[in-house]
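# An overview of the molecular structure
Chain by chain, the residues run as shown.
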Amino acid sequence: MGVPHISNPSEQEPQDPPNWSRRGILAALGAVPAAVLTGCSSSADASATTKASASAKAARKAVVTVTPADGTRHAGFATPVEVTVTDGTLASVKATAADGSALAGSLDAARTKWTSTQNPYSGTTYTVSAQVTGAAAQTATFTTASPSATFVGYFTPEADSTSGVGMPVSVNFTEAVTDRAAVEKAITVTAEPAVEVVGHWFSDTRLDFRPETYWAAGTKITLGLRLKDVEGADGVYGTQSKDVIFHIGRAQISTVDLAAKTMTVRRDGATTATYPVSGGDAEHTTWSGIMVISERFKQTRMESSTVGLGDEYDISDVPHAQRLTTSGTFVHGNYWASTSVFGSANTSHGCVGLHDTKGANDTSVPGYQFYDSSMLGDVVIVQNSGEETVDPANGLNGWNLSWADWKAGSAA
């Protein structure tokens, strides 16, 4: 047997050798790595070593690791699910919730790691099945924690409803949102026919969506809420994951000119009616600008105390009332004023009034006729009222913002 080169004795301090036999010395030299002992190895020996190594590797059992671990009861839901394997490759992985829904995911190039492309939902039990190539599938089960604080978004208009062309999509949240970008990203509003739709934050609890101009008549609108497990504020998570569809009806736009004291109604571009009206007097001027009908009542009670006007009036059965602002502006029927007022004088406390009769059942009067022709989301434009433009957040009246100003209120 050849012996490998020993370092020059001049480079080392001489030491007394241990009490080894010649056989012991040769045995120790035999422990030198095979790459060094090329002088006395053969190709047959190398082949045998390679086969032995491959056999040993094949004998090792693939180990699958699932994160979150099997049996976890309060797993986090803000990070993806991961499955890894050592001493093997992954043929497939499925992460399925109790309701049958599955988390999408992908394998890396080496097929040794699978990562879900979405986070698991909170408060949900998942079963993960990992199929290793050439071996039986391995499973793990875990349950994610439920958030301690949640929020939801209440939306306007209602599902499956039909609205006028001015109806924005308005979402009001039950908790103040601090991460506006995350929440807005989780909400989509799409239109058919397609048009750009942009969100605008009026406050930490209100987000509205609209296109640049009024919706086209007949538009189908889909509101997509993917708020579940979105962290809207520190430790406060959304709960909704749903789609809502509603439609836009015909295009009706009414223009109130309080200098002329008339209201002209146009539907789909054609004038359908002109009514004499009475607006707010000099001390109670009517808001000007573009307003959208947000509520409708065949009859309703109106009290001056609710709008900061003391005890000036309390009428229990105002007919055909349609709300234009949150602060209390309505277009409504009026049976208590003289018929001669309409078209000749502005005498109201800020509302737009049309001649009507008590009981709201007389089909011949303007109050009834305008109410009967209207729907939620119709546009009412007030001009020459002597008052400034209504605050866009006062009702569903974001149309008073330019498109540039509207887009500036988006967090997306």
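Our structure is the block above this text.
In this text the structure is predicted, and so the values were computed from the model without any measurement.

Per the secondary structure count, the chain includes five helices and 27 strands. In the chain, which comprises 412 residues, the proportion classed as buried is 38%. If you take every contact in the chain between residues at least 6 apart in sequence, the share linking residues at least 24 apart comes to 62%. Per element, the accessible surface of the chain, about 21,400 Å² overall, is 51% carbon and sulfur.

Let's shift gears to the pattern of salt bridges. Per the counting criterion, the structure on display carries 10 salt bridges. The partner of Asp204 in a salt bridge is Arg180, and the shortest N-O contact between them spans 2.6 Å. Note that Asp204 is positioned in the loop between β13 (198–203) and β14 (206–210) and Arg180 in helix α3 (residues 180–185), a separation of 24 residues in sequence. By relative accessible area, Arg180 is classed as partly exposed at 28%. Residue Arg206 is joined to Asp208 by a salt bridge in which the shortest nitrogen-to-oxygen separation is 2.7 Å. It is possible to trace a salt-bridge network through shared partners that takes in Arg301, Glu303 and Asp314.

Counting residues in hydrophobic clusters, the biggest one holds 34 residues, and the most contacted among them are Phe173, Val183, Ile187, Val189, Leu223 and Leu227. Going through the elements one at a time, β11 (169–173), β12 (187–192), β14, β15 (220–226), β18 (241–248), β22 (289–292) and β27 (379–383) are the ones with two or more residues in this core. In this structure, Phe173 is in contact with Phe151, Val152, Gly153, Val183, Ile187, Trp201, Asp204, Thr205, Arg206, Leu207 and Leu227, ignoring residues within four places of it in sequence. Core analysis: the second largest hydrophobic core is formed by 19 residues, Ala62, Val66, Val132 and Phe142 among them.

One number sums up the size of the largest pocket: a volume of about 710 Å³. Lining the largest pocket are 34 residues; nearest its centre among them are Tyr313, Gly328, His349, Gly350 and Cys351. Those elements giving two or more residues to the lining of the largest pocket turn out to be β23 (295–303), β24 (314–323) and β25 (330–334). Of the residues in the lining of the largest pocket, the class split is 13 nonpolar, 17 polar and four charged. What the second largest pocket holds in volume is close to 250 Å³.

This next bit is on the sheet that holds strand β16 (residues 231–233). Sheets are built from strands paired through backbone hydrogen bonds, the pairs being either parallel or antiparallel. Across the sheet, which stays open at both edges, the three strands sit in the order β8-β17-β16 with mixed pairing between neighbours. Unpaired on one side and paired on the other, β8 (149–151) and β16 mark the two borders of the sheet. Along the sheet, successive strands turn relative to each other by an average axial angle of 45 degrees, direction set aside. In this sheet, strand β17 (residues 236–238) lies alongside β16 in antiparallel orientation, the contact comprising two bridges.

Turning next to the pairing of strand β6 (residues 125–132). The side-chain alternation of β6 yields one buried face, formed by Tyr126, Val128, Ala130 and Val132, and one unburied face, formed by Thr125, Thr127, Ser129 and Gln131. Across six bridges, the pairing between β6 and strand β7 (residues 138–143) is antiparallel. Bridging from a neighbouring strand, Ser129 pairs with Thr139 of β7. Linking β6 back to β7 in an antiparallel pair, the connection comprises five residues, with Gly134 at a positive phi of about 75 degrees.

Parameters and conventions
Residues numbered from 1 in each chain as written. Predicted model: local features only at pLDDT ≥ 70, side-chain atom pairs only at ≥ 80, totals over all residues. Heavy atoms only, no water. Helix = DSSP H or I, 4+ residues; strand = E, 2+ residues; numbered from the N terminus. Buried < 20%, exposed > 50% of the residue type's maximum accessible area, 1.4 Å probe, protein only. Contact = heavy atoms within 4.5 Å. Areas by Shrake-Rupley, 256 points an atom, 1.4 Å probe, with all protein chains shown as cover. Salt bridge = Lys/Arg side-chain N within 4 Å of Asp/Glu carboxyl O. Core = buried A, V, L, I, M, F, W, Y, C linked by side-chain atoms within 4.5 Å. 1 Å grid on protein atoms, 1.4 Å probe; cavity = no way out; pocket = protein on both sides within 12 Å on 5 of 7 lines; lining within 4 Å. Points joined across faces, edges and corners; volume = space filled by probe spheres on them. Nonpolar A, V, L, I, M, F, W, Y, C, P; charged D, E, K, R; others polar. Pairing = 2+ DSSP bridges. Axes fitted to C-alpha atoms, helices over the stretch in contact; angles between N-to-C directions.

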